[in-house]
Amino acid sequence: MALYKEAGLVIDGLRKGKSNIKGLIYSSKFPNKKALYGLVSRTLEYSSVILELLQECPKFKKEHQNLSEGHQWALVQDLLFGGGIKGGGKLMRSILSYRTTLQAALDSLLQKKGVASVKALLPKAAGVTLSRHVRVNTLKISFEDVLAQFQEEGYTLVNSPLPVASKNGKAASPKSKFLFHKDEHIDNLLVFNSSTDFHMHNLLHEGAVVLQDKASCMPAHILGSALKGHFSEGYPDSWGCIDACAAPGNKTSHLSATLDGQGQIFAFDRDEKRLLSLQRNMAKFGCENVKAVQADFLQVQPTDKQYANVVGMLVDPSCSGSGIIHRGDACLPTSETAEEKASRLDHLANFQVSAVTHAMSFPSAQFVVYSTCSVHEEENEDVVRRVLETHVIA
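Let us look at the structure shown here. In this convention, every chain numbers its residues from 1, walking through the sequence in written order. Owing to the predicted nature of the model, reporting of local features is limited to residues with pLDDT of at least 70; listing and counting of side-chain atom pairs is limited to 80 or more, with chain, interface and lining totals taken over all residues. Only hydrogens and water are set aside; all other atoms, that is, all heavy atoms of the structure, feed into the side-chain values.

1. Focus: the nonpolar core
Then comes step 1: Ranked by internal contacts, the top residues of the largest apolar core, which has 40 residues, are V40, V49, L53, F60, F81, L102 and L106.
Then comes step 2: Mapped by element, the contributors of at least two residues to this core are α1 (2-15), α2 (21-27), α3 (33-45), α4 (47-55), α6 (69-80), α7 (90-96) and α8 (99-113).
Then comes step 3: Per-element accounting of this core gives the leading share, 6 residues, to α6.
Then comes step 4: Here a residue-residue contact requires only that any non-hydrogen atoms of the pair lie within 4.5 Å. When near neighbours in sequence (up to four residues on either side) are disregarded, F81 contacts Y46, V49, I50, L53, V76, L106 and V118. In plain words, nonpolar cores are sets of buried Ala, Val, Leu, Ile, Met, Phe, Trp, Tyr and Cys residues tied together by side-chain atoms within 4.5 Å. The buried label applies to any residue whose accessible area, calculated with a 1.4 Å probe on protein chains only, is under 20% of its type's maximum; exposed applies above 50%, and partly exposed to all values in between. Only DSSP runs of H or I covering at least 4 residues are called helices, and only runs of E covering at least 2 are called strands; the numbering of each starts at the N terminus.

Below is the structure:
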């Protein structure tokens, strides 16, 4: 039952705005991160329904008032929507005793809303279907070889974007699950149907491909393209880049591949465990030009001689994660007040301003790419305005 308690801590943390789902799960001491992520994601997807059900069952909440709200949500999720609670003991027996009551409340809610399925009760964001993006790691395999392997496995390469859903809103036809195409903006990025599962694929385990969302590919693509254009007549003998907030390293490895393994990439992370993850991933992806450094980027001295020839900066600092809709964050009812939200965003934005400003202070830096996975103007446009108001760009 420890899984449910830990999932509750993550959910409570999200509701209080402590961090995003990725940060909270990564910092959890629970050993099975995959199981924790799965339970949290499922609970977030159904959170609005669970909240309504618990409001209709005050006795359940009173009897389990020693459990946090997130803990209760995670238990109800598996009880009603996840195929049953896993575990044993007094708590499990207590939760199971409410199955009939909660199911009756669910049936009543469906009738009240005039819908036939639970899926119809979910917020629109919970039903968003995103494509599956697969980035080819050209440090280990050619783009053409990957295309050939997928086609040998029965996938068909098409020239146009894939159908996500039919006009009546139903899922795309089974045939479309075996179609894929090249992304129109990002080099070496392939697009598959969202239901395609590559987690057990040999190419993934070999580090030849990376499961990476298109948006996550944008920063390294932009910086890499700018640097390749800058060095169009050939790379100098000594030059480098910095990835300011690098772990776990998807963007770092993408930048390394975009630059064909050229130059020195200094990848910073202050957390020891995250740095170890970064180092493992760089070895797996064959990024021989990446030097992982355990340090707080804001404490790195721009005048240090080893950074004298750093011309490119990738700054992807901590953010609210409000734009990561497929993880369920957008569906999460929050206990955060407007004042608390404003304070949290202000804190994040101030850190982002500091990170971008610090990146711009490196004497040889000519290209600075700043990115977030947030939709809030406070963290994006306002940060850029604040930085530009205090820096003159030559």
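We are not done yet, so read on.
2. A few points about helix α9 (residues 143-152)
Then comes step 1: Taken residue by residue, α9 has F143, V146, L147, Q149 and F150 as its buried positions. In an axial view of α9, the angular spread of the buried residues amounts to 165°, which keeps them on one side of the axis. Residues of α9 that are exposed and point over 90 degrees away from its buried face: E144 and E152.
Then comes step 2: In this structure, the buried residues of α9 make contact with β1 (132-136), β2 (156-157), β3 (179-182), β4 (189-192), α10 (202-205) and β5 (209-211).
Then comes step 3: Immediately downstream of α9, the backbone of G154 shows phi near 105°, a positive value. To obtain the arc, one takes the directions from the helix axis to the C-beta atoms.

3. Remarks on the side chain of T252
Then comes step 1: Structurally, the position occupied by T252 is in helix α12 (residues 250-258).
Then comes step 2: In this view, T252 contacts D243, A246, I265, A267, L278, M282 and V290; residues no more than four positions away in its chain are not counted.

4. What to know about the environment of G249
Then comes step 1: By the element assignment, G249 lies in the loop between β6 (240-243) and α12.
Then comes step 2: G249 sits in the buried class, given a relative accessible area of 0%.
Then comes step 3: In this structure the C-alpha to C-alpha distance between G249 and L276, which are 27 residues apart in sequence, comes to 11 Å.

5. Some points on the environment of K284
Then comes step 1: Relative to the assigned elements, K284 resides in helix α13 (residues 272-285).
Then comes step 2: For the pair K284 and G207, spaced 77 residues apart in the sequence, the C-alpha separation amounts to 5.5 Å.
Then comes step 3: Excluding its chain neighbours within four sequence positions, the residues that come into contact with K284 are K140, L204, H205, E206 and G207.
Then comes step 4: A polar contact of 3.4 Å, which involves the side chain of K284, links it to the backbone oxygen of L204. We call two N or O atoms a polar contact when they sit within 3.5 Å, provided that within protein one can donate a hydrogen and the other can accept it, with sequence-adjacent residues counted only if both atoms are side-chain atoms.

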